[in-house]
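The primary structure of each chain is shown beneath.
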Amino acid sequence: QVQLVESGGGLVQAGGSLRLSCAASGLIFSDYPMGWFRQAPGKEREFVAGISRRGSSTQYAEFVKGRFTISRDNVRRTVYLQMNSLNAEDTAVYYCAGRQFGSSDYVYWGQGTQVTVSS
């Protein structure tokens, strides 16, 4: 079955950096556009960044533009989220997700990794 496993979360001071990874199995990874989402306590889950199947196109939520970078390695079947200049508002559980090409619905989800930014 499809598995997405995130790693790389943790506690970091404001202004610091983290790199999240999401390893995929059970699917033809290069066939799937991928994304990162996050959910803070008491808030709705929100889109953070997305990347096309080959990595040639990326999209970002306004609140992370210039600070976060999404990338992928189709050989390693892994998608990354490099997060710089972190602030307390970035504290959340971060999820990676995959959607079928041509659909806007993300159908595969990881279990999430906690990111906590101390101010």
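What counts and how
Residues numbered from 1 in each chain as written. Predicted model: local features only at pLDDT ≥ 70, side-chain atom pairs only at ≥ 80, totals over all residues. Heavy atoms only, no water. Helix = DSSP H or I, 4+ residues; strand = E, 2+ residues; numbered from the N terminus. Rg over C-alpha atoms; globule rule 2.2 N^0.38 Å. Pairing = 2+ DSSP bridges. Salt bridge = Lys/Arg side-chain N within 4 Å of Asp/Glu carboxyl O. Buried < 20%, exposed > 50% of the residue type's maximum accessible area, 1.4 Å probe, protein only. Disulfide = S-S within 2.5 Å. Axes fitted to C-alpha atoms, helices over the stretch in contact; angles between N-to-C directions. Core = buried A, V, L, I, M, F, W, Y, C linked by side-chain atoms within 4.5 Å.

K.L.:
Which parts of the structure should I look at to understand the overall build of the chain?
P.N.:
Of the regular secondary structure elements, the chain holds zero helices and 11 strands. Ordered by position from the N terminus, the helices and strands of the chain form the series β-β-β-β-β-β-β-β-β-β-β. Over its C-alpha atoms the chain spans a radius of gyration of 13 Å, differing by no more than 12% from the 14 Å that the globule rule assigns to 119 residues. Projected onto its principal axes, the C-alpha positions of the chain cover 40 × 25 × 25 Å.

K.L.:
How should the pairing of strand β3 (residues 18-25) be read in this particular structure?
P.N.:
Within a regular beta strand, the side chains point alternately toward one face of the sheet and then the other, so they alternate between its two faces. For strand β1 (residues 3-7) and β3, the ladder comprises five bridges, and the chain directions are antiparallel. Bridge pairing in β3 links S7 to S21. Judged from the six bridges that link them, β3 and strand β8 (residues 78-83) form a sheet pairing that is antiparallel. Looking at the pairing, L20 lines up with L81 of β8.

K.L.:
Help me understand the pattern of salt bridges in this model?
P.N.:
Two side chains that carry opposite charge are able to pair once their charged atoms sit near each other. As enumerated under the stated definition, the model contains five salt bridges in all. Close ionic contact of R38 with D90 constitutes a salt bridge, the shortest N to O distance being 2.9 Å. Taken together, the residues span a long stretch of sequence, with R38 in strand β4 (residues 34-39) and D90 in the loop between β8 and β9 (92-99) at a distance of 52 residues. On the basis of relative accessible area, R38 is assigned to the buried category, the value being 6%. Here K65 makes a salt bridge to E62, at a shortest N to O gap of 3.3 Å. Since its relative accessible area comes to 47%, K65 is described here as partly exposed. The structure contains a network of salt bridges with shared partners spanning R38, E46, R67 and D90.

K.L.:
What is the right way to look at the state of the cysteines in this model?
P.N.:
One way to say it: the disulfide is the covalent bond shared by the sulfur atoms of two cysteines. Counting across every chain of the model gives one disulfide. In this model C22 forms its disulfide with C96; the gap between the sulfur atoms is 1.9 Å. Residue C22 is found in strand β3, and its partner C96 is found in strand β9; the two are separated by 74 residues along the sequence. Considered together, C22 and C96 belong to a single accessibility category, that of buried residues.

K.L.:
Sorry, what's going on with the sheet that holds β8 here?
P.N.:
Across a sheet, strands are paired by hydrogen bonds formed along the backbone, either parallel or antiparallel in direction. The strand order across the open sheet formed by four strands is β1-β3-β8-β7, and the pairing between neighbours is antiparallel. Edge positions in the sheet fall to β1 and β7 (68-73), since each has one partner strand and no second. On average, adjacent strands in this sheet sit at an angle of 15 degrees to one another, irrespective of strand direction.

K.L.:
Help me out: how do you make sense of the nonpolar core in this one?
P.N.:
Nonpolar side chains tend toward joint burial in soluble globular proteins. In this structure, W36, V48, F68, V79, L81, M83 and Y94 are the most contacted members of the largest nonpolar core, which totals 28 residues. Residue assignment for this core shows that the elements contributing at least two residues are β3, β4, β5 (46-51), β7, β8, β9 and β11 (113-118). Top element by residues in this core is β3. It accounts for four residues.

K.L.:
Whenever I open this one, unusual backbone geometry confuses me. Can you help?
P.N.:
Glycine aside, residues mostly have negative phi, and peptide bonds are mostly found in the trans state. Of note, the phi angle at R77 is positive, near 55 degrees, even though the residue is not glycine. Here R77 shows up in the loop between β7 and β8. When its relative accessible area of 29% is taken as the criterion, R77 is described as partly exposed. Even without being glycine, S85 reaches a positive phi, approximately 50 degrees. Mapped onto the secondary structure, S85 falls in the loop between β8 and β9. Accessibility expressed as a relative area gives 42% for S85, which makes it partly exposed.

Function cannot be inferred from these measures alone, as they are strictly geometric.
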